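Observations on chain architecture
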There are 2 protein chains.
Amino acid sequence: MNGKLYGIGTGPGDPELMTLKAVRIINECEVIAAPRTSGKNTAALNIAEQVCDMSRKEMIYMDFSMGGADSDELHERAADNICKALSEGKNAAFLTIGDITVYSTFSYIAEIVERRGYETELCPGVTSFCAAASAAKRSLTEKDSPLVVIPSSCGEIDSLLDIRGTKVIMKSGRKITEVRRLLTEKGMTDSAYAVCSCGMADERIYEDISELPDSCGYFTTVIAEDISHE
Amino acid sequence: MNGKLYGIGTGPGDPELMTLKAVRIINECEVIAAPRTSGKNTAALNIAEQVCDMSRKEMIYMDFSMGGADSDELHERAADNICKALSEGKNAAFLTIGDITVYSTFSYIAEIVERRGYETELCPGVTSFCAAASAAKRSLTEKDSPLVVIPSSCGEIDSLLDIRGTKVIMKSGRKITEVRRLLTEKGMTDSAYAVCSCGMADERIYEDISELPDSCGYFTTVIAEDISHE
């Protein structure tokens, strides 16, 4: 019988924010498929291995780029390796930081794996933006307000910031100068805060985003609360 | 020494989607503060007690209305009971379904409790919309697309549905007729699906929202993927 591919959200960084289900499935799987960026950065794996015993796992490293702009060929190659393990009857856990359905590469791989006739299952995780708001002891959204989550690669950040409700700008690191300029122009800096590397050893919370360094790193979440419409 | 108030997201329904941290904190707290609606519905408590031993806990039930339109007086009364326990040196865990920062009553109570000089800490959880997308084996959002989360009580659902990206309409149950009419008018029904009572015993996934019954219940998440802009 073929194995099954599990897509697992490991949560944003603190291994204690992994779900009971994620830990159980990882422990039960023989194969771990872990994204690796810049040839070395395995953020999701680093989280999981602090809680799960990885010593006897068969590892599949997938060399993706940050931000997910990978070629179809790269996805096919990752799927090849995973399907080989599944065809040998092994279950595999594909790890992704945060939640498995939010800006994850898993969906591309899962589509290929399913097309080839294998079964998949998803296990959700805590998102970085929920953890960032918690770390800053803030409510992300309340009452009848919408919540708008914007990846920093999005072309419409400017107009989306005008929507009523809280705006989350994910993975702001590489665009921090532009994000700060937009928030300043719109008079939104007083209601904005940022969390870098939430739940990781180098976590930092900036209540004043003018203090956020240009070198704040990829895992930076900027959250602009909505005070203008209240 | 005074106790501390922990705000805990228990995840959307499946007790296995609780985080390791949520389970640890609940087990360590002497006091559990659980919202109760309609005098009997304690959804967050029902989730937690499947995993944590509640037999020796001091319980504080908080009679809130669904949707969070409660009076300041009701919040003050809940805070009174919690602060009494904190002043006796007991730690208290305030349970909320899903994540603690997303449309939770916790923020109102925490504000009062902090104003009275007590310490608080938040523990995030898996949101219903992430779990709903996982249950339906869908990606919630990809690449440079925004994600818009809309409570069904929001007045601007119509215009928010026109934004590029995935739209999540939370707690759609009571407004399902209106939500379905809007999605139909906008030609979005083909790309929409719904999950009722995600992770609970009566979970149901509707790939076709025209099949969604008018009686689908409070915990219904409608998700409209964005195919028009692709």
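Up top is the structure these notes are about.
So, a few notes on the structure that sits alongside this text. (Residues numbered from 1 in each chain as written. Chains lettered and ligands numbered in written order. Predicted model: local features only at pLDDT ≥ 70, side-chain atom pairs only at ≥ 80, totals over all residues. Heavy atoms only, no water.)

Contacts between the two partners involve 53 residues from chain A and, on the opposite side, 53 residues from chain B. Roughly 4,100 Å² of surface becomes buried between chain A and chain B when both sides are summed, with 60% attributable to carbon and sulfur atoms. It is Glu16(A), Leu20(A) and Thr101(A) in chain A that bury the most area against chain B; as a group they hold 15% of the surface buried on that side. The interface formed by chain A and chain B contains five salt bridges. A salt bridge links Arg164(B) to Glu156(A), with the shortest nitrogen-to-oxygen separation between them at 2.8 Å. Taken together, the connections running from chain A to chain B amount to 24 residue pairs in polar contact (both at pLDDT 80 or more). Counting only elements with at least two residues in the side of chain A that touches chain B, the list comes to helix H1 (20-28), helix H4 (106-115), strand E5 (119-123), helix H5 (128-135) and strand E6 (147-151) of chain A. Take the side of chain A that touches chain B: its biggest share by element is five residues, from H5(A). Looking at the side of chain A that touches chain B residue by residue, the class counts come to 27 nonpolar, 13 polar and 13 charged. Inspection of the sheet shows E6(A) paired to strand E6 (residues 147-151) of chain B by three bridges, in the antiparallel sense. Within the sheet, the bridge partner assigned to Leu147(A) lies in E6(B) and is Val149(B). (Contact = heavy atoms within 4.5 Å. Buried area = accessible area lost by both parts, 1.4 Å probe. Salt bridge = Lys/Arg side-chain N within 4 Å of Asp/Glu carboxyl O. Polar contact = N/O pair within 3.5 Å; in protein donor to acceptor, adjacent residues only side chain to side chain. Helix = DSSP H or I, 4+ residues; strand = E, 2+ residues; numbered from the N terminus. Nonpolar A, V, L, I, M, F, W, Y, C, P; charged D, E, K, R; others polar. Pairing = 2+ DSSP bridges.)

Structurally, Asp99(A) is set in the loop between strand E4 (92-96) and H4. Judged by its relative accessible area of 2%, Asp99(A) is buried. It is 8.2 Å that separates the C-alpha atoms of Asp99(A) and Cys123(A), two residues lying 24 residues apart in sequence. The residues touching Asp99(A), leaving out its near neighbours within four places in the chain, are Gly9(A), Ser104(A), Pro124(A), Gly125(A), Val126(A), Thr127(A) and Cys130(B). Within the local environment of Asp99(A), its side chain forms a polar contact with the backbone nitrogen of Gly125(A), the two atoms lying 2.9 Å apart. (Buried < 20%, exposed > 50% of the residue type's maximum accessible area, 1.4 Å probe, protein only.)

For the rest of this paragraph, the subject is helix H7 (residues 176-185) of chain B. Residues and elements named next belong to chain B. Of all the residues in H7, the buried ones are Ile 176, Val 179, Arg 180, Leu 182 and Leu 183. Considered in projection along H7, the buried side chains sweep an arc of 160 degrees and stay on one side of the axis. Opposite its buried face, H7 presents the exposed residues Thr 177 and Glu 185, each directed more than 90 degrees away. Along its buried surface, H7 packs onto helix H6 (157-160), strand E7 (166-170), strand E8 (192-196) and strand E10 (220-224). (Arc of directions from axis to C-beta.)

Oppositely charged side chains are able to pair whenever their charged atoms sit close together. Tallied over the full model, the rule gives 42 salt bridges over all chains. Among the ionic pairs, Asp144(B) bridges to Arg164(B), the shortest N-O distance being 3.2 Å. Remark: Arg164(B) occurs in the loop between H6 and E7 and Asp144(B) occurs in the loop between helix H5 (128-135) and E6; sequence separation between them is 20 residues. Under the relative-accessibility criterion, Arg164(B) is labelled buried at 19%. Sharing partners across several salt bridges, the network here consists of Lys4(A), Lys21(A), Glu119(A), Glu121(A) and Asp14(B).

Residues and elements named next belong to chain B. Read across the sheet, five strands follow the order E3-E2-E4-E1-E5 without closing on themselves; strand pairing throughout is parallel. The strands lining the two open edges of the sheet, one partner per strand, are strand E3 (58-63) and strand E5 (119-123). If you compare each strand with its neighbour and ignore which way they point, the axes differ by 20 degrees on average. Here five bridges tie strand E1 (residues 4-9) to E5, and the two strands are oriented parallel to one another. Residue Gly 7 lies in a different strand from E5, and its bridge partner there is Leu 122. (Axes fitted to C-alpha atoms, helices over the stretch in contact; angles between N-to-C directions.)

Take the relation of the copies chain A and chain B next. After a rotation of 180 degrees and a shift along the axis of 0.0 Å, chain A superposes on chain B with an RMSD of 0.0 Å. The superposition operator between the copies reduces to a two-fold rotation axis. Considering only C-alpha atoms, the residue of chain A closest to the rotation axis is Thr19(A), which sits at 2.0 Å. Comparing interface residues between copies, 100% of those in chain A also lie at the interface in chain B; the contact surface is shared. (Least-squares fit on C-alpha atoms with pLDDT ≥ 70 in both.)

Residue and element names in this part refer to chain B. The residue Ser 139 is located in the loop between H5 and E6 in this model. Overall, Ser 139 belongs to the buried group, its relative accessible area being 18%. Within polar-contact distance, the side chain of Ser 139 engages the backbone oxygen of Thr 141 at 3.5 Å. Engagement of the side chain of Ser 139 in a polar contact is seen with the side chain of Glu 142, the distance being 3.2 Å.

With that settled, the discussion passes to the side chain of Ser191(B). Note that Ser191(B) resides in the loop between H7 and E8. Only 3.1 Å separates the side chain of Ser191(B) from the backbone oxygen of Met188(B), close enough to count as a polar contact.

On to the packing of helix H3 (residues 72-87) of chain B against helix H4 (residues 106-115) of chain B, then. Residues and elements named next belong to chain B. The interhelical angle for the contact between H3 and H4, taken along N-to-C directions, is 50 degrees, at an axis separation of 9 Å. Comparing their axes, H4 and H3 come out oblique. For the pair H3 and H4, the crossing hand works out as right-handed. When H3 is examined against H4, the residues His 75, Glu 76, Ala 78, Ala 79, Ile 82, Cys 83 and Leu 86 are found in contact with a partner set consisting of Tyr 108, Ile 109, Ile 112, Val 113 and Arg 115. Grouping the constituent residues of the contact of H3 with H4 by class yields nine nonpolar, one polar and two charged. (Parallel < 35°, antiparallel > 145°, perpendicular 65-115°, else oblique. Left-handed = near helix turned anticlockwise from the far one by under 90°.)

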